[in-house]
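Geometric and topological summary
Each chain, letter by letter, is given below.
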Amino acid sequence: MTTTRRILGIYFRGFCMGAADAVPGVSGGTIALLTGIYERLITAITALTVSRVRRLVHDARDRDRQAVVRTLTELDIGFLIVLGTGIVTAVVSVLRLISWLLTIAPVAVYGFFFGLIGASAIILSRDVSLETWGKRATVIIGFLLAFVGSGYAVTGISTSLPVLFLAGIVAVSAMVLPGMSGSLLLLVLGQYEYMSTALSRFIDALLAGVQGGGVDAVYESALPVVTFLLGAVIGLLSVAHAVRAAFKRNRELTVAFLVSLIFGALRAPVEQASVELSAMGMNWTWYWIQSFILFAIVGVGVVASLEWVSTRDIHIESTTDHQAE
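Looking only at helices and strands, one finds 16 helices and zero strands in the chain. A burial count over the chain gives 43% of its 325 residues as buried. If you take every contact in the chain between residues at least 6 apart in sequence, the share linking residues at least 24 apart comes to 80%. Accessible surface for the chain amounts to roughly 17,200 Å². Of this, 67% is attributable to carbon and sulfur atoms.

Have a look at this one:
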């Protein structure tokens, strides 16, 4: 597999993660787990330690290029940059599109995401065994946690900076906990609409500033976004370390728990579709059920295609390595 193809593959996975994270009820961590980069992502995130940062700064000051490159390789910085670029691109570009689609066809969109989540759970469950009572109990607990957490709730929490900071910590769990949706958690906390608007306002102000507009609007609109991102960084690092520790201690049990979260999260798109119908003064009818199921099948097809491509890439890479030997 060529270097260009590897880079594009990582970027595409990041784009899919970002697109998933931009939508309530869908987890970017699920996409990472499905496309085979989950453990690498966790390893790269947890590789960022205080000692490595100090070493990197020290080597940079001494202009020790080889040492700097070695440390950056340990951090898997190339992977993180390409993946992060894909995530950011998707969040910025897809968020408005998804918001528009949810406005004109919410049931169809949530049906699509139901199929995506359900197919992902089925595919990943092939690696889960339930031969012990401990694993069975873990799966039940994980399912119940995700099922309850995926419920839609409207709260009166304010949009103050401390709340946004805590929301960032909570929402970023979607990056490292498949089955848990950061956007859905923002909805539960009453921050999704506000943060979506805040991000759009910041991007618009930034573009206006680049084109010669004032910077006052950029500074003003950046405050809630930066506060949220600071919370997200702290949450990402802390949760990632916990997940990596769990993988080292008992990988099979951890995978079983994560997959159970995905099954539990199937409630989210159904709940969201119900809320949207209620907002339009409608109830579930056969027409809406058919629409939901139809687009769920489309979602299943997308996941099946991703699985086929992923399996094919692994086969090609293994064949290439074998021929090189």
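On average, the chain scores 80 in pLDDT, and the residues at 70 or more come to 85%. Summarising per-element confidence for the chain, the mean pLDDT is lowest in helix H10 (residues 173–176) (66) and highest in helix H5 (residues 65–74) (88). A low-confidence stretch, residues 152–156 stays under pLDDT 50, and its non-local contacts, those more than four residues away or across chains, total nine contacts. Across residues 313–325 the pLDDT falls below 50, and counting only partners more than four positions away or on other chains, this stretch makes seven contacts in the model.

For any two helices packed against each other, one specifies the inter-axial angle together with the distance between the axes. Running from amino to carboxyl end, helix H4 (residues 50–61) crosses H5 at an angle of 155°, the nearest separation of the two axes being 9 Å. Here H5 runs roughly antiparallel to H4, going by the angle between their axes. The element H4 and its partner H5 pack so that their crossing is left-handed. Residues Arg52, Arg55, Leu56, Asp59 and Ala60 of H4 form the contact with H5, whose participating residues are Ala67, Val68, Thr71, Leu72 and Glu74. The class makeup of the residues in the contact of H4 with H5 is five nonpolar, one polar and four charged.

Counting residues in each nonpolar core, the largest one holds 39 residues, and the members touching the most others are Met17, Tyr38, Leu41, Phe79, Leu83 and Val176. Breaking this core down by element, the ones donating at least two residues are helix H1 (3–21), helix H2 (28–34), helix H3 (38–46), helix H6 (77–104), helix H7 (106–124), helix H13 (216–249) and helix H14 (251–264). Once you skip the residues sitting within four places of it in the chain, Val176 turns out to touch Tyr38, Ile42, Ile45, Leu236, Val239, Ala240 and Val243. Judged by nonpolar contacts, the second largest core, of 14 residues, contains Val94, Leu102, Phe113 and Leu277.

Applying the stated criterion to the full structure yields six salt bridges. Here Arg40 and Asp76 are joined by a salt bridge, their closest N and O atoms 2.8 Å apart. Here the residue Arg40 occupies a position in helix H3, and Asp76 occupies one in the loop between H5 and H6, the gap between them amounting to 36 residues. Of the residues examined, Arg40 reaches a relative accessible area of 40% and is grouped as partly exposed. Through salt bridges with shared partners, a single network forms among Arg52, Arg55 and Glu74.

At Arg63, a residue that is not glycine, the phi angle is positive and equals roughly 55°. Examined against the element boundaries, Arg63 turns out to sit in the loop between H4 and H5.

What follows is about a nonpolar patch on the surface. The grouping of Ile122, Ile140, Phe143, Leu144, Phe147, Val148 and Phe263 at the surface amounts to a nonpolar patch, some 640 Å² of accessible area in total. Counting residues per element, the nonpolar patch draws most heavily on helix H8 (residues 133–149), which supplies five residues. Residue placement: Ile122 occurs in helix H7. Under the relative-accessibility criterion, Ile122 is labelled exposed at 54%.

This brings us to the packing of aromatic side chains. Overall, the coordinates contain five aromatic pairs when judged by the stated rule. Among the aromatic residues, those joined into a ring-pair cluster are Phe114, Trp284 and Phe292. Cation over ring: Arg267 sits above Phe147, and NZ or CZ is 4.8 Å from the ring centre.

What follows is about the environment of Leu80. Mapped onto the secondary structure, Leu80 falls in helix H6. In sequence terms Leu80 and Ala44 are 36 residues apart; their C-alpha atoms lie 7.3 Å from each other.

What follows is about the environment of Thr138. Structurally, Thr138 can be placed in helix H8. Taking the relative accessible area as the measure of exposure, Thr138 reaches 16% and is therefore buried. Taking C-alpha positions, Thr138 is 7.4 Å from Leu253, a pair spaced 115 residues apart along the chain. In contact with Thr138, other than residues within four places in its own chain, are Leu253, Phe257 and Ser260.

Moving on, we get to H7. With 19 residues, H7 extends 27 Å from end C-alpha to end C-alpha; this agrees with the ideal 27 Å at 1.5 Å per step. Burial analysis of H7 places 16 of its 19 residues in the buried class, the great majority of the element.

Contact geometry of H13 with H14 gives a least axis separation of 5 Å together with a crossing angle of 130°. As summarised for this structure, H13 and H14 are arranged oblique, according to the angle between their axes. Packed against H13, whose contacting residues are Ala246, Phe247 and Arg249, the element H14 presents Arg251, Thr254, Val255 and Leu258 at the interface. For the contact of H13 with H14, the class distribution of residues is four nonpolar, one polar and two charged.

Reading the values: rules and limits
- Residues numbered from 1 in each chain as written.
- Predicted model: local features only at pLDDT ≥ 70, side-chain atom pairs only at ≥ 80, totals over all residues.
- Heavy atoms only, no water.
- Helix = DSSP H or I, 4+ residues; strand = E, 2+ residues; numbered from the N terminus.
- Buried < 20%, exposed > 50% of the residue type's maximum accessible area, 1.4 Å probe, protein only.
- Contact = heavy atoms within 4.5 Å.
- Areas by Shrake-Rupley, 256 points an atom, 1.4 Å probe, with all protein chains shown as cover.
- pLDDT = per-residue confidence, 0-100.
- Axes fitted to C-alpha atoms, helices over the stretch in contact; angles between N-to-C directions.
- Parallel < 35°, antiparallel > 145°, perpendicular 65-115°, else oblique.
- Left-handed = near helix turned anticlockwise from the far one by under 90°.
- Nonpolar A, V, L, I, M, F, W, Y, C, P; charged D, E, K, R; others polar.
- Core = buried A, V, L, I, M, F, W, Y, C linked by side-chain atoms within 4.5 Å.
- Salt bridge = Lys/Arg side-chain N within 4 Å of Asp/Glu carboxyl O.
- Patch = residues over 30% accessible without salt bridge, like charges linked within 9 Å, V, L, I, M, F, W, Y side chains within 5 Å.
- Phe/Tyr/Trp six-rings, centres within 6.5 Å; stacked < 30°, edge-to-face > 60°.
- Lys NZ or Arg CZ within 6 Å of the ring centre and 35° of its normal.
- Expected span 1.5 Å × (residues − 1).

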